[in-house]
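Read off the chains here:
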Amino acid sequence: MLCGLSVAITVSFEVPIFHYSDVLLKKYNNHQLMTASCVAYIFRVIWYTSFTNPWMILLVEPLHGVTFACKALAAVHYAAELAPEGLQTSAQGLSNTIQSLGVITGSMLGGYIMDTRGSIFLYRAAAALSFVTLCVYLAVTLNYNGSASLFEKKALNTLLKPLEPQPTLQHTATHCNT
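Residues numbered from 1 in each chain as written. Predicted model: local features only at pLDDT ≥ 70, side-chain atom pairs only at ≥ 80, totals over all residues. Heavy atoms only, no water.

Points about the layout of surface pockets
In step 1: Computed from the structure, the largest pocket encloses a volume of approximately 1,600 Å³.
In step 2: Around the largest pocket sit 40 residues that line it, and Tyr41, Gln99, Gly102, Val103 and Ser130 are the ones nearest its centre.
In step 3: Of all the secondary structure elements, the ones that give two or more residues to the lining of the largest pocket are helix 3 (30-48), helix 4 (57-82), helix 5 (88-117) and helix 6 (119-144).
In step 4: Broken down by element, the lining of the largest pocket gets its largest block of residues, 12 residues, from helix 5.
In step 5: Classifying every residue of the lining of the largest pocket gives 24 nonpolar, 14 polar and 2 charged.
In step 6: Of the voids in this model, the second largest pocket is the one considered here, and its volume is about 180 Å³.
In step 7: Around the second largest pocket sit Leu2, Tyr48, Phe51, Asn53, Pro54, Ile57 and Tyr123, which together line it. (1 Å grid on protein atoms, 1.4 Å probe; cavity = no way out; pocket = protein on both sides within 12 Å on 5 of 7 lines; lining within 4 Å. Points joined across faces, edges and corners; volume = space filled by probe spheres on them. Helix = DSSP H or I, 4+ residues; strand = E, 2+ residues; numbered from the N terminus. Nonpolar A, V, L, I, M, F, W, Y, C, P; charged D, E, K, R; others polar.)

Let's talk about the confidence of the model for the chain
In step 1: Per-residue confidence for the chain gives a mean pLDDT of 83; residues scoring 70 or more make up 80%.
In step 2: When the elements of the chain are averaged for pLDDT, helix 8 (residues 169-177) gives the smallest value, 44, and helix 5 the largest, 94.
In step 3: Predicted confidence is poor over residues 146-178, with pLDDT under 50, and the contacts of this stretch with residues over four places away or in other chains come to 31 contacts. (pLDDT = per-residue confidence, 0-100. Contact = heavy atoms within 4.5 Å.)

Quick look at the packing of helix 1 (residues 2-19) against helix 4
In step 1: The contact between helix 1 and helix 4 brings their axes to 8 Å, and the two run at 40°. As the angle between them shows, helix 1 and helix 4 are arranged oblique. Considering only the axes of helix 1 and helix 4, their crossing is right-handed. On helix 4, the residues touching Leu2, Leu5, Ser6, Ile9, Thr10, Phe13, Glu14, Ile17 and Phe18 of helix 1 are Ile57, Leu58, Glu61, Pro62, His64, Gly65, Val66, Phe68, Ala69, Cys70, Ala72 and Leu73.
In step 2: Here the contact of helix 1 with helix 4 is built from residues that sort into 15 nonpolar, 4 polar and 2 charged. (Axes fitted to C-alpha atoms, helices over the stretch in contact; angles between N-to-C directions. Parallel < 35°, antiparallel > 145°, perpendicular 65-115°, else oblique. Left-handed = near helix turned anticlockwise from the far one by under 90°.)

And the structure:
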């Protein structure tokens, strides 16, 4: 019964996020959605380790819906934006393949860690790894475009455009003289 209720609560938070995806994508960019997903995941797995009563998990399950829906929405939208014309479906397939490889690797490694160190260690280590990964993601994302703020959609949208070669000073001067 607990597993069924857990899934019902999770889905009840995923469905509205997917339903209002157009609205969310107009208000938040891919990076903000991915960051929200990661932060929700970190809090969720840490909370899991603090419960003594299994039914308390139902209080945290809404974050699972937020985690999954925001991550899936950002990944699908980002892959579609980066894909060249006509290759959007291939980009989705590649994105899903990479995610599936992550799930397989995480499940095998997670099972080993759970067997050798226990579930509390596993979940807290997952939270720590996610925190480090989030910090690296934010550092790379924000530093890639100079001083762009995570919350400046216009600045971050430049990250999605292909890099265009900048004309050299000599090329510009020659172009102006002709």
